[in-house]
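Examining the three-dimensional arrangement
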Amino acid sequence: MFEARLTQGKIFKQLIEALKDLVQDANIDCSEDELSIQAMDSSHVSLVQVNLQAGGFDHFRCDRTISLGFNSTNMSKILKCAGNDDVITLKAEDTADALTLMFESPGQDRIADFELKLMDIDAEPLGIPDTEYQCTIRMPSGEFQRIIRDLQVLGDTCVISCTKEGVRFSVSGDLGTGNVLLRNNAAEKEEDQVIIEMEEPVELTFALRYLNFFTKATSLGGSVILSMSPEVPVVVEYPIEEFGHIKYYLAPKIDDDA
Amino acid sequence: MGIKQLAKLLADEAPECIKEVPLKSLQGRKIAIDASMSIYQFMIAVRQGGSNNPAAMLTNADGEPTSHVQGFFTRTIRYMSEGIKPVYVFDGKPPNIKSGELVKRREKREKAEKELAAAKEAGNIEEQDKQAKRLVRAGTKENNDCKKLLELMGIPVVNAPCEAEAEASALCKNGEVWAVGTEDMDALTFGCPVLLRKMTFAKSGKENIQQMNYKKAIEGLNLTHDQFVDLCILLGCDYCDSIKGIGPKKALAFIREYGCIEKILENLDRKKFTVPDDWVPNEKKAKEAEEKEEAEYDTDEEKEKTGKPKSDADEEDTEEEVVPIYVKARKLFNEHEVITNLDLKWKECQVEALTKYLVDEMGFNPDRVKSNIEKLQKAQKANTKPQSRMDSFFKPLPSKAGAKKPAKATVGSKRKANDTKGKKGAFFKKR
């Protein structure tokens, strides 16, 4: 038996919105102390990883580990039926072939429940080692979204380079070129700050298409954290306050070794 | 072609080795493609004709067929646009013991020729079509056309010393390419780690690609590599006849029970199953020997001598060897003549030369050639700094050892009751 009740149902809505364009099918993996999702896009270029701690739910019960395979587009359709202020409850029996989603309005005067058919997903979860990154950049999530949107006008590939000077996003295409440089900025409000921590300079190239998919998570939190090391995937993390995170990994474009 | 019924046997006995994947998931992969098979496919499939005329191959002004060039050109661009890096492998000389199979194919051709003539006389267009397709032949000229095209396109070409599937599998085993693209199941017998089928986009790319995994196949069948090769020989390969009366189910059961062909032959009820003479040449020889009072050959001793190069040996009646044919076939599968450690390079295409070749020599429409070349250039530009893949950084977690293996369900289908073997923490270990 799995049951999870979330007063801020909006968070779950936003989470599914944040991954539905990137991945088609995924498993929700529930254990005693957390709910997690790991999935790759169909080209196996990026990976999304969601963690929600049991403590962040109003009520969380999971008797045994269970994987709930869902189609993200269908899940999103059902979640569209939930209001932003609704309380969302997820329920599934251990051997269930459907996930029950219950939406309660804040005044408890409207209760809707939906069932989403589940499926078996042939997923090969990847083991992601905990590593130290050479550069971590914390910035307002809205700023990141804007940079990606702006650069997409000019091209489809973006170079992110982190140096002493700051972090630079560059693009070049048929129209011309573009650069956005962000410097350390100790603004008063924590959310407006840009904080760059760097051991060694790093420069990596990425497909903007995927970075753009990642910014669908912007509404989940005020800040985003980029972590980079040479020749490994970048991590784009949106922390969800006192609850967990959604992390995106994107494999870089690498000079042809062949 | 290939191994009879192997695909079906695998689907029944080791379903986990077959996966349907979208074309997109092959992004960034190097794939060795069996060129000879592709040429045949194109010459048969790329045709034009009305309902009243038998469909004809595309030809240039001189009446030479160009279907294969058209097919190679567009399909290769399609691969490149998906970020796939193709390598084409062409057949070399056929192995000697394939001659039996080749004779059979020739007979089929002759039969088709006769039937075509008959159909023409009778005015049966459908039949004409069918027989004309059977008559298609990819000769040296067609091979060279394609090689020239690929060279101008900047795509690497490998000339296999012998069979193309063997060469492609060797490249794959050596890690030079990620997979082999062919319809021929032989590739698995050659030990190719990943085999891709249905890479034809016949249905405008909606069809998924079938991906077969060698390791999972032999694990699923619960056989060793040697046993798997013997199984393929029993099923029926290009190199020798198989035992009559042994179908896929029996072949697998025999291999599981006895482990190898030698043991099977020892235990086989010869009255029920007819073993081809060349499988047991020693018995025949022994009979003759009795008459001729020649020295007897000992099977085992003879087998040890298989180390000597006998592919050169004459296959005709004068043969002195008494190596059973299945041993030769086995040797072909395991020690095929291949070349590896090649320097595979994807270069830029030579626009002018390519246009000239396609428009002037092949008689293609200049506008279409131009737009296709543009597509190719775009794909090549995108590949100069190729997108890497997630699995080159993070490795899959050890799977749950088949704890949960319900039949694969498709999107929207009902979830199968999950058996309760999934112990706590068995799924998706957290790091």
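Residues numbered from 1 in each chain as written. Chains lettered and ligands numbered in written order. Predicted model: local features only at pLDDT ≥ 70, side-chain atom pairs only at ≥ 80, totals over all residues. Heavy atoms only, no water.

As annotated in an unreviewed UniProt entry, chain B is Flap endonuclease 1 from Chaetoceros tenuissimus. On record in UniProt, under Subunit (unreviewed entry), the comment for chain B is "Interacts with PCNA1 and PCNA2. Three molecules of FEN1 bind to one PCNA trimer with each molecule binding to one PCNA monomer. PCNA stimulates the nuclease activity without altering cleavage specificity." Regarding chain B, the relevant UniProt record gives this comment under Sequence similarities (unreviewed entry): "Belongs to the XPG/RAD2 endonuclease family. FEN1 subfamily." (UniProt positions renumbered as here; feature names shortened; annotations may be inferred.)

The name an unreviewed UniProt entry gives chain A is DNA sliding clamp PCNA, with Chaetoceros tenuissimus as the organism. The UniProt entry for chain A carries the following comment under Subcellular location (unreviewed entry): "Nucleus". Regarding chain A, the relevant UniProt record gives this comment under Sequence similarities (unreviewed entry): "Belongs to the PCNA family."

Here we come to the overall build of chain A. Within chain A, the secondary structure is distributed over 4 helices and 19 strands. Burial status across chain A gives 57% buried among its 258 residues. Intrachain contacts of chain A at a sequence separation of at least 6 include 63% that bridge at least 24 residues. Surface exposure of chain A reaches about 11400 Å², of which carbon and sulfur atoms provide 42%. (Helix = DSSP H or I, 4+ residues; strand = E, 2+ residues; numbered from the N terminus. Buried < 20%, exposed > 50% of the residue type's maximum accessible area, 1.4 Å probe, protein only. Contact = heavy atoms within 4.5 Å. Areas by Shrake-Rupley, 256 points an atom, 1.4 Å probe, with all protein chains shown as cover.)

So, about the sheet that holds strand 14 (residues 177-182) of chain A. Residues and elements named next belong to chain A. Across the sheet, 4 strands lie side by side as 14-13-12-16; this open sheet has antiparallel pairing. On the outer flanks of this sheet lie strand 14 and strand 16 (202-207), each paired with one strand and no other. For this sheet, the mean inter-axis angle between neighbouring strands, taken without regard to orientation, is 15 degrees. Of the strand pairs in this sheet, strand 13 (residues 166-172) and strand 14 are connected by 6 bridges, and their pairing is antiparallel. Across the sheet, Arg168 pairs through a bridge with Leu181, a residue of strand 14. Contacting strand 12 (157-163), strand 13 and strand 14, helix 3 (residues 141-152) crosses the sheet at an angle of about 25 degrees to strand 13. (Pairing = 2+ DSSP bridges. Axes fitted to C-alpha atoms, helices over the stretch in contact; angles between N-to-C directions.)

Below, the discussion takes up the sheet that holds strand 15 (residues 195-198) of chain A. Residues and elements named next belong to chain A. Taken together, 9 strands build an open sheet; the order of strands is 6-2-3-4-19-18-17-11-15 and the sheet is antiparallel. Because the sheet does not close on itself, it has two edges, and the strands there are strand 6 (66-71) and strand 15. Here the average twist between neighbouring strands, direction ignored, is 15 degrees. Pairing geometry for strand 18 (residues 234-240) and strand 19 (residues 244-250), over 7 bridges, is antiparallel. Note that in strand 19 the partner of Pro239 across the bridge is His245. Docked against the sheet, helix 1 (residues 9-20) engages strand 2 (25-30), strand 3 (34-40), strand 4 (46-53), strand 6, strand 18 and strand 19, running at close to 170 degrees with respect to strand 4. In the packing of helix 2 (residues 72-79) onto the sheet, contacts are made with strand 2 and strand 6, and the angle to strand 6 comes to roughly 85 degrees.

Next up on the list: the pattern of salt bridges. Residue and element names in this part refer to chain B. Tallied over the entire structure, the rule returns 18 salt bridges over all chains. Asp230 serves as the salt-bridge partner of Arg330, at 2.8 Å between the closest nitrogen and oxygen. Separated by 100 residues along the polypeptide, Arg330 in helix 15 (residues 325-334) and Asp230 in helix 10 (residues 225-235) bring together distant segments of the chain. Residue Arg330 is classed as buried on the basis of its relative accessible area of 17%. (Salt bridge = Lys/Arg side-chain N within 4 Å of Asp/Glu carboxyl O.)

All names here are of chain B. Where helix 3 (residues 67-81) contacts helix 6 (residues 140-153), the two axes come as close as 9 Å, and the packing angle between them is 35 degrees. The handedness of the crossing between helix 3 and helix 6 comes out as right-handed. Each of His68, Val69, Phe72, Phe73, Thr76 and Ile77 in helix 3 lies in contact with helix 6, whose residues at this interface are Glu142, Asp145, Cys146, Leu149, Leu150 and Met153. For the contact of helix 3 with helix 6, the per-class residue count stands at 8 nonpolar, 2 polar and 2 charged. (Left-handed = near helix turned anticlockwise from the far one by under 90°. Nonpolar A, V, L, I, M, F, W, Y, C, P; charged D, E, K, R; others polar.)

Our focus in this paragraph is unusual backbone geometry. All names here are of chain B. Despite not being glycine, Asn222 has its phi angle at roughly 60 degrees, a positive value. Topologically, Asn222 is positioned in the loop between helix 9 (214-221) and helix 10. The residue Asn341 is not glycine, and still its phi comes out positive at about 55 degrees. Along the polypeptide, Asn341 turns up in the loop between helix 15 and helix 16 (351-361).

Here we come to the environment of B:Glu115. Locating B:Glu115 in the fold gives a position in helix 4 (residues 99-122). C-alpha of B:Glu115 to C-alpha of B:Glu127: the two residues are 12 residues apart in sequence and 8.3 Å apart in space.

A few words on the packing of helix 1 (residues 6-13) of chain B against helix 11 (residues 248-258) of chain B. Residues and elements named next belong to chain B. Between helix 1 and helix 11, the least distance of the axes is 10 Å, while the angle of their chain directions is 65 degrees. Judged by the angle between their axes, helix 1 and helix 11 are roughly perpendicular. Crossing of helix 1 over helix 11 shows right-handed handedness. Taking contact as the criterion, the partners of Leu9, Asp12 and Glu13 in helix 1 are, on helix 11, Pro248, Lys249, Leu252 and Arg256. Counted by class, the contact of helix 1 with helix 11 contains 3 nonpolar, no polar and 4 charged residues. (Parallel < 35°, antiparallel > 145°, perpendicular 65-115°, else oblique.)

Our next topic: the environment of A:Gln14. Residues and elements named next belong to chain A. Note on placement: Gln14 falls in helix 1. Among the residues examined, Gln14 registers a relative accessible area of 16% and is labelled buried. Linking Gln14 and Asn84, residues 70 residues apart in sequence, is a C-alpha distance of 9.6 Å. Those residues in contact with Gln14, other than ones at most four positions away along the chain, are Ser219 and Leu220.

What follows concerns a negative patch on the surface. A cluster of acidic side chains, namely A:Asp130, A:Glu132, A:Glu197, A:Glu199 and A:Glu200, defines a negative patch on the protein surface. When you line up the elements, A:Glu199 lands in the loop between strand 15 and strand 16. (Patch = residues over 30% accessible without salt bridge, like charges linked within 9 Å, V, L, I, M, F, W, Y side chains within 5 Å. Lys, Arg positive; Asp, Glu negative; His and termini not counted. Charge placed at Lys NZ, Arg CZ, Asp CG, Glu CD.)

This paragraph deals with helix 6 of chain B. Residues and elements named next belong to chain B. When the terminal C-alpha atoms of helix 6 are compared, their 20 Å separation across 14 residues agrees well with the 20 Å that a helix rising 1.5 Å per residue should span. The secondary structure elements touched by the buried residues of helix 6 are helix 2 (35-45), helix 3, strand 5 (85-90), strand 6 (157-159), helix 16 and helix 17 (366-382). Downstream of helix 6 by a residue or two, Gly154 has a phi angle that is positive, lying close to 85 degrees. (Expected span 1.5 Å × (residues − 1).)

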